[in-house]
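Structure at a glance
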Amino acid sequence: MSLSPHLPATTGIGLRSVHYRALAESLPDIGWLEAHSENYFGAGGAPLRWLSQLRAHYPLSLHGVGLSLGSSDELSQKHLAKLKQLVDRFQPALVSEHICWSSINQRFLNELLPLPYTEEALAHLVQRVDYVQSYLGRQILLENVSSYLSFAASTIPEWEFVAELSRRSGCGILLDINNIYVNAINHGFDAETYLNAIPREAVQEFHLAGFDDSHGDILIDTHSRPVAEPVWHLYAKALQRFGAVPTLLEWDADIPELPELIAEARKADSIREQLNVLAA
Amino acid sequence: MSSLHELQQGFAHAMWADLDSFLPEIADQDRRRLEIYRNTVLGTLADALAAIYPVVQKLVGERFFRAMAKEYANQCPSSSGDLHEYGADFAEFIAQFPPAGGLPYLPDTARLEWCWHCAFHAEDATALPLTELAKVPPERWENLRFQLNPSAALLYSCYPVQQIWAVNQSDYQGEAQVDLAQGEVYLLILRQAEAVIVQALSVGSYSLLQALQAQQPVAAACEAALAVEPELDLNTCLQQHVQQLTLTGFSL
């Protein structure tokens, strides 16, 4: 089986430990897998063995949640070293992280916290992305996060911040369609304005997931539900603008059985097929 | 100091201490928005602890566990972006947490679960190279030092924590009552291939492995074992721990 260095422009699923066995036994027809890098930072044992077994059958993307790129703390050399070791071993098609911070004064909040969208934060992030890209010897993708507040200090619209980060650092963009929708509701902006501000050539991956709408007018990005109807709608718009981009269906809490997860991923494939868009 | 740094520091202070102090920094000064973050931060940390300490959670119930996890998050900061490293000193925290004082075996149960967690993620090991060992001339045997499997951990408890741990596994069938008067246990936690085992040892075997783990030469380790268990069959004991991959390397 060929291990293409590129992800196919189809839908992949997030690799979660509850599905290891079912995936390895049934080898379902899915485009690719995305693993959370930190889940494979251990020295040995079952997680790395499963990843290596599944890697032999599927293209892989490594998605980090703990580097705290936007923090004003120093980057953790230990974290970077483990990430590099993983990247060298598994040769993923894509490596991604988030436009966020998650620690300050060496204390971790272990949450994808939004940055103030300022020139200062942008310059800081550009410099950090530069560092990580040269450390890993490859391009990384940065993902837009969902957020429940915005800072009074912000001076740049989020979409301009994301676009400018990519232009200045040369990083790719992992565009989370659900997060754009969640933020559009939470902060009252137009999701299509956001899409249209993002440079076409920078987007190399989409994320889709389900949110929790039981908190009144603030949507919570829980990855615990099927993808919401308006997000499918926005996804179709994104396909029209960016072409067929590898798309990931994420599900991290109340995770369904594998067939249900795959069925949800298939919806993304069928929307793409109906629109008949070409690969980006 | 940069304003990014100040903002991040102020946000963290709001999360851990004083939520209202940060209200002027957020766009519509809606307190709920900060509360959502506080809940998700504490929720993520509690989930990470619950994943590592399922038996502790079962013993105290989810509500108590969540409250304990919240207090732990406040007192023992997370120091890594990798949540698998979070919770290393949870047992010590529990031992000092007055509301848990009624369950004296809880800290050792937590220690056992932390050993299990570390063993699960430890480096893979291969069997001790017996043909190499056979080449060591007999006059040098007493100076041999053995290396333990990277997953191996030794745990002593004055409570029957192996039994407590076993009856609280989801696949356990049988008598669920544990008699605390069963007394002390000497345990070895070890991963064989991908399965983590929790094995009860005799006091002599435990002392032997403890001395070997401290890099004492085999002669001194045997002496330490016989001092606490004169009738211990050292040959059988060493063979067993070579066969089951407790001992995976040696040096002279």
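First things first, this report covers the structure right here in the doc. What you see is a predicted model, and the numbers here were worked out from it, not measured in a lab.

Once that is clear, we can look at the interface of chain B and chain A. In this complex, chain B contributes 43 residues to the contact, which on the side of chain A involves 47 residues. Of the roughly 3,700 Å² buried between chain B and chain A on both sides combined, carbon and sulfur atoms contribute 58%. The interface formed by chain B and chain A contains four salt bridges. The closest approach of N and O atoms between Arg32 of chain B and Asp217 of chain A, which form a salt bridge, is 3.0 Å. On inspection of chain B and its partner chain A, the count reaches 24 residue pairs in polar contact (both at pLDDT 80 or more). Listed by contribution, the elements that provide at least two residues to the side of chain B that touches chain A are helix H1 (3–16), helix H2 (31–52), helix H4 (62–75) and helix H6 (106–121) of chain B.

A separate point is the layout of surface pockets. When its volume is computed, the second largest pocket comes out at roughly 400 Å³. At the level of elements, helix H7 (130–134), helix H10 (218–228) and helix H11 (234–243) of chain B are the ones that each hand at least two residues to the lining of the second largest pocket.

Attention shifts here to unusual backbone geometry. Negative phi characterises most residues that are not glycine, and trans characterises most peptide bonds. Here Gln106 of chain A, not a glycine, exhibits a phi torsion of approximately 65°, which is positive. Tracing the backbone through its elements, the reader meets Gln106 of chain A in the loop between strand S5 (101–104) and strand S6 (107–113). Of note in this structure, Ala193 of chain B is not a glycine but carries a positive phi near 55°. Within the secondary structure, Ala193 of chain B is located in the loop between strand S3 (185–192) and strand S4 (195–201).

Conventions and cut-offs
- Residues numbered from 1 in each chain as written.
- Chains lettered and ligands numbered in written order.
- Predicted model: local features only at pLDDT ≥ 70, side-chain atom pairs only at ≥ 80, totals over all residues.
- Heavy atoms only, no water.
- Contact = heavy atoms within 4.5 Å.
- Buried area = accessible area lost by both parts, 1.4 Å probe.
- Salt bridge = Lys/Arg side-chain N within 4 Å of Asp/Glu carboxyl O.
- Polar contact = N/O pair within 3.5 Å; in protein donor to acceptor, adjacent residues only side chain to side chain.
- Helix = DSSP H or I, 4+ residues; strand = E, 2+ residues; numbered from the N terminus.
- 1 Å grid on protein atoms, 1.4 Å probe; cavity = no way out; pocket = protein on both sides within 12 Å on 5 of 7 lines; lining within 4 Å.
- Points joined across faces, edges and corners; volume = space filled by probe spheres on them.

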